[in-house]
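Chains, contacts and geometry: an overview
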6 protein chains.
Amino acid sequence: MAQSRPMGERMYGELALFSGRANPELAQEIADYLGVPLREADVFEFPNGNTYVRLHKSVRSHDVFLIQTVCSPVNQNLMELLIFIDTLRRDSAGRITAVTPYLAYARSDKKHEPRVPIAARLVADLISAAGADRWMTIDLHAGQIQGFFSIPGDELTAFHLLSDYFLKKELDDAVIVTGDLGFAKKGRNFAAKLGLPMAFVEKRRGGDGSETEALTVIGEVKGKDVIVVDDEVATAGTAVQAVNIVKEHGAKDVYLSFTHPILVPPAADRLRELPIKEIVTTNTLPLPPQKRLPNMTVLSVAPLLAEVIRRVHLGLSVGEMFGE
Amino acid sequence: MAQSRPMGERMYGELALFSGRANPELAQEIADYLGVPLREADVFEFPNGNTYVRLHKSVRSHDVFLIQTVCSPVNQNLMELLIFIDTLRRDSAGRITAVTPYLAYARSDKKHEPRVPIAARLVADLISAAGADRWMTIDLHAGQIQGFFSIPGDELTAFHLLSDYFLKKELDDAVIVTGDLGFAKKGRNFAAKLGLPMAFVEKRRGGDGSETEALTVIGEVKGKDVIVVDDEVATAGTAVQAVNIVKEHGAKDVYLSFTHPILVPPAADRLRELPIKEIVTTNTLPLPPQKRLPNMTVLSVAPLLAEVIRRVHLGLSVGEMFGE
Amino acid sequence: MAQSRPMGERMYGELALFSGRANPELAQEIADYLGVPLREADVFEFPNGNTYVRLHKSVRSHDVFLIQTVCSPVNQNLMELLIFIDTLRRDSAGRITAVTPYLAYARSDKKHEPRVPIAARLVADLISAAGADRWMTIDLHAGQIQGFFSIPGDELTAFHLLSDYFLKKELDDAVIVTGDLGFAKKGRNFAAKLGLPMAFVEKRRGGDGSETEALTVIGEVKGKDVIVVDDEVATAGTAVQAVNIVKEHGAKDVYLSFTHPILVPPAADRLRELPIKEIVTTNTLPLPPQKRLPNMTVLSVAPLLAEVIRRVHLGLSVGEMFGE
Amino acid sequence: MAQSRPMGERMYGELALFSGRANPELAQEIADYLGVPLREADVFEFPNGNTYVRLHKSVRSHDVFLIQTVCSPVNQNLMELLIFIDTLRRDSAGRITAVTPYLAYARSDKKHEPRVPIAARLVADLISAAGADRWMTIDLHAGQIQGFFSIPGDELTAFHLLSDYFLKKELDDAVIVTGDLGFAKKGRNFAAKLGLPMAFVEKRRGGDGSETEALTVIGEVKGKDVIVVDDEVATAGTAVQAVNIVKEHGAKDVYLSFTHPILVPPAADRLRELPIKEIVTTNTLPLPPQKRLPNMTVLSVAPLLAEVIRRVHLGLSVGEMFGE
Amino acid sequence: MAQSRPMGERMYGELALFSGRANPELAQEIADYLGVPLREADVFEFPNGNTYVRLHKSVRSHDVFLIQTVCSPVNQNLMELLIFIDTLRRDSAGRITAVTPYLAYARSDKKHEPRVPIAARLVADLISAAGADRWMTIDLHAGQIQGFFSIPGDELTAFHLLSDYFLKKELDDAVIVTGDLGFAKKGRNFAAKLGLPMAFVEKRRGGDGSETEALTVIGEVKGKDVIVVDDEVATAGTAVQAVNIVKEHGAKDVYLSFTHPILVPPAADRLRELPIKEIVTTNTLPLPPQKRLPNMTVLSVAPLLAEVIRRVHLGLSVGEMFGE
Amino acid sequence: MAQSRPMGERMYGELALFSGRANPELAQEIADYLGVPLREADVFEFPNGNTYVRLHKSVRSHDVFLIQTVCSPVNQNLMELLIFIDTLRRDSAGRITAVTPYLAYARSDKKHEPRVPIAARLVADLISAAGADRWMTIDLHAGQIQGFFSIPGDELTAFHLLSDYFLKKELDDAVIVTGDLGFAKKGRNFAAKLGLPMAFVEKRRGGDGSETEALTVIGEVKGKDVIVVDDEVATAGTAVQAVNIVKEHGAKDVYLSFTHPILVPPAADRLRELPIKEIVTTNTLPLPPQKRLPNMTVLSVAPLLAEVIRRVHLGLSVGEMFGE
């Protein structure tokens, strides 16, 4: 077996990094980290609204990573991703990895009532149908969405970034709180890593069929610092409820930690007015100035994505990055 | 073989007609023609930009026709179509026909230069991947796009509507002109039906690599009425050139005839200022007031679509509608 | 449109009901409810261990529902399901619905650590690959598993059966407890329907890397009746922990409610020794005498499955059974 | 379940019978038996050699059976079958059954040496790729070819036709002989039905690598009537060897029985000169006058195919035709 | 990223070049250009008409290019291509590119009337179904056929070969003429490259439904040299019409230029009798002596195909060969 | 073409060898032969019966060969194979070859009666659906099963091992006997290699419909040594019949030779009591002590499998191992 290559040698051509128009700053950060240039392509709409892509140079046999976060305008950015993949495929790329730091539609992941779509599975199918060979994303709303893809891929997590940040704060008398019971288990992991107890905010529709919701805090928050954790914040409705009710129950400092800063209006306004000591999030979505609040800390996922891209390209283990 | 059903009996369940949000007026016209109600569904965006669909009643085993023209905003309307199809499929519809009176991306139907997509094939694949069983559309930019679908379907044409309209005018000394040589063959069919001669406008880039285009009229237009024919008008750039040059060459009255009134700015302004006697088009795309010019005649495709839907539902020949 | 059939008329042939060997009693109950006989088939292993199926009569064009719960021995019952489907398909069944009241492998629904399978997606793919047209199951461990199937199907729930049973008990001073945070959200629905508060048992590995787990009760249970709710009970390890700790924290009567009685050893022994007032479950899995404890109430899912099979066969809405 | 249709009611539209150009006489016989007309279609080659099909009337939603035996010129007839299927599919047929009384390439069913095709699997895939929903054929060279199709279908057999014919002859002191050991097991079934013993002709290449073959008769033929059985006769090389050697070993009357009369030159000449009392075959392939020898009896498979088409169309059991 | 391979390094095994039986001379020319031998394989028909392929040596992991033009007999050559691909695939080739310098059925690319096939899409599907990974061809009748393939591929063009040839002639007072309006746009590109004006021959069926066609020349040809351009010439019917009518309209020298010399009878006879100064074509199809006219210039596409094969094999850009 | 790699260079990553739990001894032998370690993985059942796999180290881009014979318990071992493949695929293996020295269900390879499965095709589809890229197995019951796979693969044979072993015995006055006519042709190859004559045991059901079978020996065995050959022995029913009847007909020494020692009870007991001089088989299935009889010779297939794995990994011809 002497002819065998050394471990970790890659089987694809040259690495080529492209960015859609959704979050070019993040893509540039990743490129800088990897020390490779972002490849150039024209991406634009014709006057009739049709999106078009034109690569400047051939990617024949290349190992392509296309970075396109699927933030708002969601359908626009998603179609751009699909058309970009088609372009790469028809230019005979060797392998195409769709890197979507934030993947939209992840909350439409099951039929919780009849006659609705499972849009997350649809999106996974569309990405395959367009010609992607692999996917890469960060902190899916539900881990099961991994299984919506038939092509292999990597779900990464900003959990270590965020929890390490709080570890350094050495908050001794704090409690982890989830504003949504669907995040209870992931919240527990956060609490376990920081060695802190947990509490939950439970929401319940009024028994009289009204739209008003009754909120309960289950567990102890009185006199403690509180870290409200979640995977994403969109309108901040859940966050507002959670912060307010723990404050009502006597919480001291309140922190808010989440991976995906979707922050659609009126999220920024709402958060600005809340008694939050610090908001800790990442740059999986672009954060224009009007969304950047004074008490917001944004941790970059670029080193994480770059290192995983490097390992995928070279055929090295990704799991061992995390000691797994 | 006595147990055989009479010819034309359908094999699917009840007909169910739905409309996306792109052209509800046309959908309503079709429903009225068929004498069946439009089924109700909630179609909306969540604050995070994700499109959602919720059917009011079950379509289990139904023969569903979903009407959604893919006009601007193109990517939005296309994703709405796909998510709507997914919803119908997961509610166990018996058969789903995607009715797109105008199908976007049809001009991205080949690689005329390297490193570009074939978005029309991608769109056909996406419609299949979402779960449609059939497609129906009107006047594709190229008939070959029929072959981009692996599922069966029907390409209809507004050719008869438009040419019959001009036949009634009895323009004796007229000529059919195409502004784009890619439409030459279809223009010939128009000319043949009206018994008129043809002429062509040829466009050519300047030999010095400049952006200026040289225009030529090939064939006779002097002293004749001219009908400029095309499949669609978007910015009206081609139409402006054609109308102006035939006028320069001595044309009398000029008519403009096309199926799809995309009419993105500055099309309406441009057309308003042109010396056109009459613009004849259809309602495959919605025509809001600002696009409706005083000299514009809009022929409705609703009877055509309705009759074909009826025949597809009942398993009757579509071709014999046209004596074919 | 006068030729249209009345609503709800089915598009497939005669209904045919088959049962694998995993839970024939349940299949017979369903057949009795529907008033149709179970079709006969030989299902056996050859001496070499190969499973074989032979239908007694043809199912050509029939609308077949194959009932096979995927209980222990799991792989045996699953392969029997797949081979049975292949037999039906190759005998030209009109439509095949795989009815698995309990679907194994549902807990392997994501990669919670690197280098492991997503067996639930694999199982969904195998069922499709064998030739099923539809699936039907009860209370998946995660609703997202619906999206693992590309073929349409119906996830039913025993939630109404179980919660209605407790509603009749009129337990006024009770609390709903989940022993696993992953069930927190579904537990909340249970609590909301009964108008009761919630509490949670939180499990955490020892910080010193040891195997011992620290248990906490979050929320109030002292002096209250407790209903511990879950989707399934296998070895009853989680149930034992939850019952014991709520008792330690002063709970009065303790009830245990779950859909799937997997009850592998030593579950029956463990449950027998616990201070539980009543165990309420269903018959999605067979319950041989040694698993039926004196304090166990088994609610039958046969009427639910039968009614849904009837509606699917006839093309009627399933959702409206539940007022949805 | 009162709304259920009576057993055997079909789920597809009207039956439509088409014939390719390979064996129109057989197709007409089938049509006559069924009492339905052959549908009309133009099937021809353009001057450039491209095959074309044009249906005279629509088959929308019909239950189409396309009869095209894949005899010589094999590739021509196969491509005609595929293009015909594509035509039917794109005209929205409800169901398409490819009826190939003789299916070519069945002897290329495995790799008996490296670097060769498995053309029979390829053919099965091509028939699916063209859009057939089902297949129907007679006496495949190997039953396993059934499994090459992923779509359902029916392999019929002329075994009963042929063996019943010989049963009526009441040959008391006869023996069944196979000229090819690959047909030994099917020959045994023939022998068992007639209550006759068996013998085998074994062929072996010379040990010196020469092309000459050594022939052996294993079993007793002396003084007996011999029926040489096979599935098909092409050049008749094997038949010549078998007939000659059993004659050399003292056989009395020799009969030759096979399903598929491929009979490529010099088969007819060879058979004419052999001391064969009677050749019994069928019309799965066309038999022009020059292939019809004076001692040849041709049994028609038309009633068999017609009856099975009727049953498939109506959703009735095919197996019970044969008491199975 | 130091471990990255230099640009252009290929990811497949050794290049292996095979030829079907359709145009072995062209394949040999390509092999000579590349400096690699044509690999050996037995390709033949069994007496029963079944085509067979047997490779002499293994192609395991090789990067295989199979050259087989799909000329007449079309169905024979196409099936040979498919069976050859199956052979390569089952011998575990690393990558298979189907190189069809001329691809038949390209004119059956849409349903221009009801109830006809789209054979070009079928052919694309068959090539995929057989196991090809890529395709390569020259001057498709319609560029859209690129989109009929879901596998990637390269459409090359002989346009540069042909137009460069005419550029050298320095015909100053010439005009480009198309005999078919479907070729108008490609004819324009030819005219633009040569800096010449255009004219068109328009064909129209008689208004009385008769078969006679009325021909018109649109544009100026009088006293000019004429180059009639097309993609292929089959029976030469269109060419005869075009040449005759431009002569009638006073054309001086007439040239005929086209890529694919199909030239089925009576093309050679017709062309021989026409007043054509020179016929310029290529060798995408074999040109036996009886098709080679004295005034015919045949430009070889072998260097073009060879260079593209080399680039595809090495993962180099193909577009930059043409400065694109 | 100077950049071309030398012949035989592989295109995949490092070779990685894994074993399921069915026959770890054989896997270890193969690993030893190759000089590479068996990779480690946890393979176990959860208490609920669900099989689980966890790889110790990443296989990203590796060329993985997974060895799992599908012996009894068949369904258990098969599901373990599928789940293992899914694990490898989702860990982004570069290529996965499923090595099943013995592949169960191979006898369910056609519908010999109506309403039964073709389980062997199903198994082939399941292996593909799980994500295998290639397959490798030894002596399929029918070579046609190769064609059940759409992915490429290699069927190896123990024929050379077994026949070489008998060649060395120099049995001059011997005869090859098959106990099943379905093995007649493969038996002939055995006989031809050893230069020995053949005889056949023919089995036939009693004409009175009873279960008793009439046995006949066709050919000469009297006074000769007999080698009874088959592909596998399960319950040994056929072997018992064959040995007994040839002894009754005066055979001298009797040998039994077969590839797959399935040997389910009461095979070992039956064989122990038979007058067999020597049983020659291989280790494609595990042979625990209770199955190893004193007169049994077990030839190892490990060198064969190892050498083929090496060649597949390196892209070298497998056929030339056997001079083909």
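Residues numbered from 1 in each chain as written. Chains lettered and ligands numbered in written order. Predicted model: local features only at pLDDT ≥ 70, side-chain atom pairs only at ≥ 80, totals over all residues. Heavy atoms only, no water.

Structural notes on the interface of chain B and chain A
In this complex, chain B contributes 44 residues to the contact, which on the side of chain A involves 44 residues. The junction of chain B with chain A conceals about 3900 Å² of combined surface from both sides, 60% of it contributed by carbon and sulfur atoms. Our count for the chain B to chain A interface comes out at 2 salt bridges. Here Glu 113 of chain B and Arg 54 of chain A are joined by a salt bridge, their closest N and O atoms 2.7 Å apart. Of all the secondary-structure elements, those providing two or more residues to the side of chain B that touches chain A are β3 (51-55), α2 (74-90) and α3 (119-130) of chain B. Looking at the side of chain B that touches chain A element by element, the count peaks at 10 residues for α2 of chain B. Grouping the constituent residues of the side of chain B that touches chain A by class yields 22 nonpolar, 12 polar and 10 charged. (Contact = heavy atoms within 4.5 Å. Buried area = accessible area lost by both parts, 1.4 Å probe. Salt bridge = Lys/Arg side-chain N within 4 Å of Asp/Glu carboxyl O. Helix = DSSP H or I, 4+ residues; strand = E, 2+ residues; numbered from the N terminus. Nonpolar A, V, L, I, M, F, W, Y, C, P; charged D, E, K, R; others polar.)

Overview of the sheet that holds strand β1 (residues 15-19) of chain D
Residues and elements named next belong to chain D. Read across the open sheet, the 5 strands follow the order β1-β4-β5-β6-β7; overall the sheet is parallel. Every other strand in the sheet has two partners, leaving β1 and β7 (153-156) as the edge strands with one partner each. Across this sheet, the average inter-strand angle for adjacent strands is 15°, counted without regard to direction. For β1 and strand β4 (residues 63-67), the ladder comprises 5 bridges, and the chain directions are parallel. Each bridged residue has a counterpart across the sheet, and for Phe 18 the counterpart in β4 is Leu 66. Relative to the sheet, helix α8 (residues 302-314) contacts β1, β4, β5 (95-100), β6 (134-138) and β7, its axis offset from that of β6 by approximately 160°. (Pairing = 2+ DSSP bridges. Axes fitted to C-alpha atoms, helices over the stretch in contact; angles between N-to-C directions.)

Some points on the arrangement of the chains
Considering only C-alpha positions, the minimal separation of the non-contacting chain C and chain E is 18 Å. The two units chain B and chain F never meet; even their closest C-alpha atoms stay 18 Å apart.

Some remarks on the side chain of Gln 146 of chain D
Residue position: Gln 146 of chain D is located in the loop between β6 and β7. One polar contact links the side chain of Gln 146 of chain D to the main-chain amide nitrogen of Lys 111 of chain F, over a distance of 2.6 Å. Non-local contacts of Gln 146 of chain D, meaning those with residues more than four positions away in its chain, are made with Arg 90 of chain C, Trp 135, Leu 140 and Glu 155 of chain D together with Lys 110, Lys 111 and Ile 118 of chain F. (Polar contact = N/O pair within 3.5 Å; in protein donor to acceptor, adjacent residues only side chain to side chain.)

Structural notes on the domain arrangement of chain A
All names here are of chain A. With domains assigned, chain A is organised as domain 1 (15-157 + 302-322) and domain 2 (159-299). Here domain 1 and domain 2 have C-alpha centroids that lie 28 Å from each other. Contact with domain 1, which involves 16 residues of that partner, is made by 13 residues of domain 2. Of the roughly 1300 Å² buried where domain 1 meets domain 2, counting both sides, 48% is carbon and sulfur surface. At the boundary of domain 1 with domain 2, the tally comes to 2 salt bridges. Its salt-bridge partner being Asp 231, residue Arg 107 comes within 3.2 Å of it at the nearest N-O pair. Linking domain 1 to domain 2 there are 11 residue pairs in polar contact (both at pLDDT 80 or more). A breakdown of the residues in the side of domain 1 that touches domain 2 according to their chemical character gives 9 nonpolar, 4 polar and 3 charged. (Domains from an automatic or database assignment.)

Focus on the relation of the copies chain B and chain A
In summary, the two copies of the chain are related to each other by a rotation about an axis coupled with a shift along it. Once turned by 180° and shifted 0.0 Å along the axis, chain B lies on chain A with an RMSD of 0.0 Å. These values place the two chain copies in the arrangement generated by a two-fold rotation axis. A shared interface surface links the copies, since 100% of the contact residues of chain B are contact residues in chain A too. (Least-squares fit on C-alpha atoms with pLDDT ≥ 70 in both.)

Topic: the packing of helix α3 (residues 119-130) of chain D against helix α2 (residues 74-90) of chain E
Pairs of packed helices are described in terms of their axes, by the angle between the two and the distance that separates them. At their nearest, the axes of α3 of chain D and α2 of chain E sit 10 Å apart, and the two run at 120° to each other. In terms of orientation, α3 of chain D lies oblique with respect to α2 of chain E. When the axes of α3 of chain D and α2 of chain E are compared, the crossing they make is right-handed. In this structure, α3 of chain D contributes Ala 119, Arg 121, Leu 122 and Leu 126 of chain D to the contact, and α2 of chain E contributes Met 79, Leu 82, Ile 83, Asp 86 and Arg 90 of chain E. Here the residues of the contact of α3 of chain D with α2 of chain E sort into 6 nonpolar, no polar and 3 charged. (Parallel < 35°, antiparallel > 145°, perpendicular 65-115°, else oblique. Left-handed = near helix turned anticlockwise from the far one by under 90°.)

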